[in-house]
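Summary of the model geometry
One letter stands for each residue in the lines below.
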Amino acid sequence: MAGLHGLLWRLLLLAVHLNRAIVFWIRVQLRGWRGRVWERAVGALLLPLALAGSPHPRNSLHHNANANASASADRRSRWRADGEALEKLPAHVGLLLAGEEPSWTDIANLVVWCVSVGISYVSVYDHHGVFQKNNSRMLDEIVRQQQDLLGVDGSKYNVKHLSGCTDKHQHHVLSCRPTVEMLSPEDGKQSIIQAAQRLCRSVENKERTSKDISVSTLDGTLRELKNIPDPELVIKFGAVDSTLGFLPWHIRLTEFISLPTHRNVSYEDLLGALQQYGACQQRLGQ
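Along each chain, residue indices are assigned from 1 in the same order as the chain's sequence is written. Per-residue local features of the predicted model are confined to residues with pLDDT of at least 70, and side-chain atom pairs are confined, for both listing and counting, to 80 or more; whole-chain, interface and lining totals are unaffected and use all residues. Note that the side-chain values use all heavy atoms of the structure and ignore hydrogens as well as water.

**Considerations on the packing of aromatic side chains**
Applied cut-off: Side-chain rings of Phe, Tyr and Trp (the six-membered ring for Trp) are treated as a pair once their centres are within 6.5 Å; stacked means planes under 30 degrees apart, edge-to-face means over 60, and tilted covers the remaining angles. Secondary structure is summarised from DSSP: a helix means a run of H or I of at least four residues, a strand means a run of E of at least two, and numbering begins at the N terminus for each. Burial classes follow relative accessibility: with a 1.4 Å probe on protein chains only, a residue under 20% of its type's maximum area counts as buried, one over 50% as exposed, and anything between as partly exposed. Both a distance and an angle decide whether a charge sits over a ring: NZ of Lys or CZ of Arg must be within 6 Å of the ring centre and within 35 degrees of the ring normal.
In this structure the tally under the stated criterion is four aromatic pairs. Relative to Phe131, the ring of Trp104 has its centre 5.2 Å away and its plane inclined at 80 degrees; by these criteria the two rings are edge-to-face. Placement of Trp104 in helix α3 (residues 104-117) and of Phe131 in helix α4 (residues 130-133) is noted, with a sequence separation of 27 residues between them. By relative accessible area, which is 11% here, Trp104 ends up buried. An aromatic cluster is defined as three or more aromatic residues linked by ring pairs; in this entry it consists of Trp79, Trp113 and Tyr267. Looking at Lys88, its charged tip hangs above the ring of Tyr277, at a distance of 4.8 Å from the centre. Here the guanidinium or amino end of Arg252 rests over the ring plane of Trp249, the centre of that ring lying 5.4 Å away.

This is the structure in structure tokens:
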């Protein structure tokens, strides 16, 4: 009898455990089914919102292109207006690096800004002639910055390298396209020496007399060799307090403005220098 009661008790415990296992399995299945149904329901609800909120890639690219074009147009208009608002605008601006390692992008930005405000002739000078020796790199950087800053109209600002050119008909300050020239000490003192030698040979060959030689004669001969216009403004970058041989014949009436460095220079820095030049009074020796 006792053995029968023990067997029944064990069967009852087994039934209880089996019942618990079945209930747990049913709960897990229902939970997974409900989760899948819930996920599908949420996905069905959010899918239209997701499709409406995420633009087509082509539309996004078109929007970005329009935004860039608008920003470029705004910059062009503002810079042009800044140039027109100046009391006087120099036709030739020299950018002189005094003892600084060149930053090609910063110099290219300065050139593009100068051209954008209406300056027709920009020269870039360093004492070691780095820019002149690497003029292709400099001009490539200028074109790149034109495209970045001016957008599709960047091609309107045509820059060219004229250093070493002897055709005076190619050197025009006032032209429909701005001129960018890379200069070195060879374009300064060396040009004066060449002009003096030419005059001496003309006297030696009896083409003229020594009395014919004057300041104006030397000036005319110098411009026949290399017709660089006199810069009205030179912006010097760096701590070195010297012109470092920058066009000594051409800077008799040039205004010099110094900035600490050309690295990370801003458009506002350039505009401030142009405004300072516009406010200065040149008495021309009076």
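**Here we look at the nonpolar core**
The condition is simple: Grouping buried Ala, Val, Leu, Ile, Met, Phe, Trp, Tyr and Cys residues that are joined through side-chain atoms within 4.5 Å yields what is termed a nonpolar core. We call two residues in contact when some of their heavy atoms are within 4.5 Å.
Among the nonpolar cores identified, the biggest contains 39 residues, and Leu95, Ile142 and Ile235 are the most heavily contacted of them. Looking at this core, the elements that each hand over two or more residues are β1 (92-97), α3, β2 (121-126), α5 (135-150), β3 (179-183), β4 (233-237), β5 (255-259) and α8 (267-279). Ranked by the residues each element gives to this core, the list is headed by α3, at ten residues. Leaving out residues up to four positions away in the same chain, Leu95 has contacts with Leu110, Val111, Val122, Ser123, Val124, Tyr125, Ile235 and Phe237. One finds Tyr125, Ile228, Phe246 and Leu247 within the second-largest nonpolar core, a separate group that totals eleven residues.

**Things to note about the sheet that holds β4**
Adjacent strands of a sheet pair through backbone hydrogen bonds, lying either parallel or antiparallel. The test is simple: Between any two strands, at least two bridges found by DSSP are needed for them to pair. Lines fitted to C-alpha atoms define the axes, with helix axes restricted to the stretch in contact, and inter-axis angles between N-to-C directions lie between 0 and 180 degrees.
Read across the open sheet, the five strands follow the order β3-β2-β1-β4-β5; overall the sheet is parallel. The strands lining the two open edges of the sheet, one partner per strand, are β3 and β5. Neighbouring strand axes in the sheet, compared pairwise and without regard to direction, differ in orientation by 20 degrees on average. Inspection of the sheet shows β4 paired to β5 by five bridges, in the parallel sense. Counted as the bridge partner of Lys236 is Ser258 from β5.

**Some words on the pairing of β3**
Counting buried residues in β3 gives five out of five residues, a clear majority hidden from the surface. Of the strand pairs in this sheet, β2 and β3 are connected by five bridges, and their pairing is parallel. Residue pairing in the sheet places Val124 in a bridge with Met182 of β3.

**Regarding unusual backbone geometry**
Apart from glycine, the bulk of residues carry a negative phi angle, and the bulk of peptide bonds sit in the trans form. In this structure, Leu244 is a non-glycine residue whose phi angle is positive, near 55 degrees. As for its position among the elements, Leu244 is in the loop between β4 and β5. Phi at Asn264 is positive, roughly 60 degrees, even though this residue is not glycine. Classification of Asn264 as exposed rests on a relative accessible area of 69%.

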